[in-house]
Amino acid sequence: MSLIVQKFGGSSVADAEGIKRVAQRVVDTQAAGHHVVVVVSAMGDSTDELLDLAAQVSPASSDAREMDMLLSAGERISMALLAMAIHGIGASAQSFTGSQAGMITDAIHGKARIIDVSPHRIRTAIEKGDIAIVAGFQGMSRDSNDITTLGRGGSDTTAVALAAALDADVCEIYTDVDGVYTADPRVVPSAQKIDTISSEEMLEMAASGAKILHLRCVEYARRFGVPIHVRSSFSHNEGTWVLPSPDDQIKIQEGEPLEQPIISGVAHDRSEAKVTVVGVPDIPGKAAEIFGIVAGTNTNIDMIVQNVSTHGSGRTDISFTLPIVDGAEALAALGEAQDRVGFESVEYNETIGKLSLIGAGMRSNPGVSYRFFRALSDAGVNIDMISTSEIRISVVTGADLLDTAVRAVHAAFELDGDITATVYAGTGR
Ligand code: ADP
Ligand code: ASP
Ligand code: MG
């Protein structure tokens, strides 16, 4: 009997109707002859609402342990309601918290990493014929015995980790659009659905801010060879297959071109801020000191630019981007170390946006960068920082021009389709 892991995002379980619709879909999957393990997110925007509430009772993010206790409750509400809805239509189901499902993590609150998955109770439940429902985005640390969360969007990673541990045939990620598109359909309505994408390209898309999939879920799936099918819970349309190995990609139909398209899509990200450390002494070891300080706050740095030192000054500026949520802590740590490192000041800007163009075909096609920068210049978009990988070009722009820039680049690479993409639900918050 095959095993399917199905993950339903917040917009799919936003209200009682949604939960009943998901219950029916899950029961239908089981009736078609599969074992089913379901991972749920918190209802609608309830994680954001819990964060708002926390900010009202106390100043921001001071209490990481209690924040995880709070946020993990969102997923527990969904799992219990979904189990009740499944009982209501005559099937059997049991819900489990992350720790009951054996999701063991390190002890870092708010961005815990999975260190072990021991889903004994899940196996027992499905062998008994039950549908097992697991609360996404959470686990437990064996060191601290505390509840942890994996970071925003982390339910996707719970689903893939369970799929890998249970050796599932597929991990289906149900959301509010029909799959992965060539750009966010909320920003580019003419974006086209991608039928299959390599995990390498999907990694770059997710890392560049396409929040359709959590970055760590794509990494995990690639590592363990889990096929992901991203699709909508509001339709029965075939979605996007994210295939773990390039060999699996070779499913070419007759008449199809043999080469992959040059560009798979455009991604954008508003969740980062730019930090500039001004007047850093231009001597060996200073960059290491600065990044050591930031790493000490457990922050993932993204783009980095070091300017050439102004002639004769012996000083340089180093800029980098980091998640806005980590900004305050990183600034405080830098501030404390200012005298020791010897830089002059720190500037901080949250009104930036990042735009990335992704495509494995970039490697073998000259002229991609020219076309990309031409499109941005024709659209009047000023560029602040640039970084590249073998299959990606990213730029930082002002936040106000980000949507214009995304549409201009999408059009310049002829990615626009004739059909308007459907966004079924969700607020995009
Ligand atoms: P869920 O709550 O189901 O986890 P998310 O809000 O995390 O859903 O992700 C789905 C959203 O991702 C879509 O509504 C869409 O606005 C956004 N998105 C960003 N980039 C893309 C893309 N390239 N393709 C599809 N959706 C995208
Ligand atoms: N509920 C969490 C969030 O909103 C986790 C998730 O939905 O994946 O980030
Ligand atoms: Mg998500």
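Since we're looking at a predicted model, the values are computed, not measured.

**Observations concerning the packing of aromatic side chains**
Then comes step 1: Tallied over the full model, the rule gives five aromatic pairs.
Then comes step 2: Relative to Phe-320, the ring of Phe-291 lies with its centre 5.4 Å away and its plane at 65°, an arrangement referred to as edge-to-face. Note that Phe-291 is positioned in helix H8 (residues 286–295) and Phe-320 in strand E16 (residues 315–323), a separation of 29 residues in sequence.
Then comes step 3: Owing to a relative accessible area of 0%, Phe-320 belongs among the buried residues under this scheme.
Then comes step 4: One cation-aromatic arrangement involves Arg-21 over Phe-234; the distance from NZ or CZ to the ring centre is 4.1 Å.

**Concerning the pattern of salt bridges**
Side chains that differ in charge, positive against negative, can pair when their charged atoms come close.
Then comes step 1: According to the stated counting rule, one finds 19 salt bridges in the structure shown.
Then comes step 2: Note that Lys-20 and Glu-17 form a salt bridge whose closest N and O atoms lie 3.9 Å from each other. Of this pair, Lys-20 and Glu-17 both sit in helix H1 (residues 16–31), separated by three residues, roughly a single helical turn.
Then comes step 3: When its relative accessible area of 54% is taken as the criterion, Glu-17 is described as exposed.
Then comes step 4: Shared partners join several salt bridges into a network, and the residues in it are Arg-65, Glu-66 and Asp-146.

**Points about the sheet that holds strand E3 (residues 93–96)**
Then comes step 1: On the basis of which strands lie adjacent, the open sheet formed by eight strands has the order E3-E6-E2-E1-E9-E11-E12-E10 and mixed pairing. Of all strands in the sheet, those bounded by a partner on one side alone are E3 and strand E10 (196–198). Looking at each pair of strands side by side, their axes are set apart by 20° on average, direction ignored.
Then comes step 2: One ladder, built from three bridges, connects strand E11 (residues 228–232) with strand E12 (residues 240–243); its direction is antiparallel. Paired with Ile-228 across the two strands is Val-242, which belongs to E12.

**Thoughts on the sheet that holds strand E4 (residues 103–105)**
Then comes step 1: The strand order across the open sheet formed by four strands is E5-E4-E7-E8, and the pairing between neighbours is mixed. Only two strands of the sheet have a single neighbouring strand rather than two, namely strand E5 (114–117) and strand E8 (147–149). With direction set aside, neighbouring strand axes in the sheet form an average angle of 45°.
Then comes step 2: Here strand E7 (residues 138–141) pairs with E8 via three bridges, running antiparallel. Looking at the pairing, Gly-139 lines up with Thr-148 of E8.
Then comes step 3: Packing of helix H5 (residues 155–165) onto the sheet brings it into contact with E4, E5 and E7, and relative to E5 it is tilted by some 40°.

**Regarding the environment of Ile-290**
Then comes step 1: One can find Ile-290 in helix H8.
Then comes step 2: When the C-alpha positions of Ile-290 and Ile-86 are compared, they lie 53 Å apart, and in sequence the two are 204 residues distant.
Then comes step 3: Residues within four places of Ile-290 in sequence aside, it is in contact with Val-277, Val-280, Ile-318, Phe-320, Leu-334 and Val-341.

**Some words on the site of ligand 2**
Then comes step 1: Taken together, the neighbourhood of ligand 2 is formed by Ser-41, Ala-42, Thr-47, Glu-75, Phe-137, Arg-152, Gly-153, Gly-154 and Ser-155.
Then comes step 2: Take Ser-41: an N or O atom from its side chain is 3.0 Å from an oxygen atom of ligand 2.
Then comes step 3: Between an oxygen atom of ligand 2 and a main-chain N or O atom of Gly-154, the distance comes to 3.3 Å.
Then comes step 4: For ligand 2, whose accessible area on its own is 260 Å², the fraction buried by protein is 86%.
Then comes step 5: Of the residues assigned to the shell around ligand 2, the class counts are two nonpolar, five polar and two charged.

**A few points about the site of ligand 1**
Then comes step 1: Neighbouring residues of ligand 1: 18 residues in total, closest Thr-175, Asp-176, Tyr-181, Asp-184 and Arg-186.
Then comes step 2: At 2.8 Å from an oxygen atom of ligand 1 is found a side-chain nitrogen or oxygen belonging to Asp-184.
Then comes step 3: One nitrogen or oxygen atom from the side chain of Arg-186 is found 2.8 Å from an oxygen atom belonging to ligand 1.
Then comes step 4: Expressed as a share of its isolated accessible area of 570 Å², the protein-covered part of ligand 1 is 89%.
Then comes step 5: Within the shell around ligand 1, the residues separate by chemical class into nine nonpolar, four polar and five charged.

Calculation rules
Residues numbered from 1 in each chain as written. Chains lettered and ligands numbered in written order. Predicted model: local features only at pLDDT ≥ 70, side-chain atom pairs only at ≥ 80, totals over all residues. Heavy atoms only, no water. Phe/Tyr/Trp six-rings, centres within 6.5 Å; stacked < 30°, edge-to-face > 60°. Helix = DSSP H or I, 4+ residues; strand = E, 2+ residues; numbered from the N terminus. Buried < 20%, exposed > 50% of the residue type's maximum accessible area, 1.4 Å probe, protein only. Lys NZ or Arg CZ within 6 Å of the ring centre and 35° of its normal. Salt bridge = Lys/Arg side-chain N within 4 Å of Asp/Glu carboxyl O. Pairing = 2+ DSSP bridges. Axes fitted to C-alpha atoms, helices over the stretch in contact; angles between N-to-C directions. Contact = heavy atoms within 4.5 Å. Near = heavy atom within 4 Å. Polar contact = N/O pair within 3.5 Å; in protein donor to acceptor, adjacent residues only side chain to side chain. Areas by Shrake-Rupley, 256 points an atom, 1.4 Å probe, with all protein chains shown as cover. Nonpolar A, V, L, I, M, F, W, Y, C, P; charged D, E, K, R; others polar.

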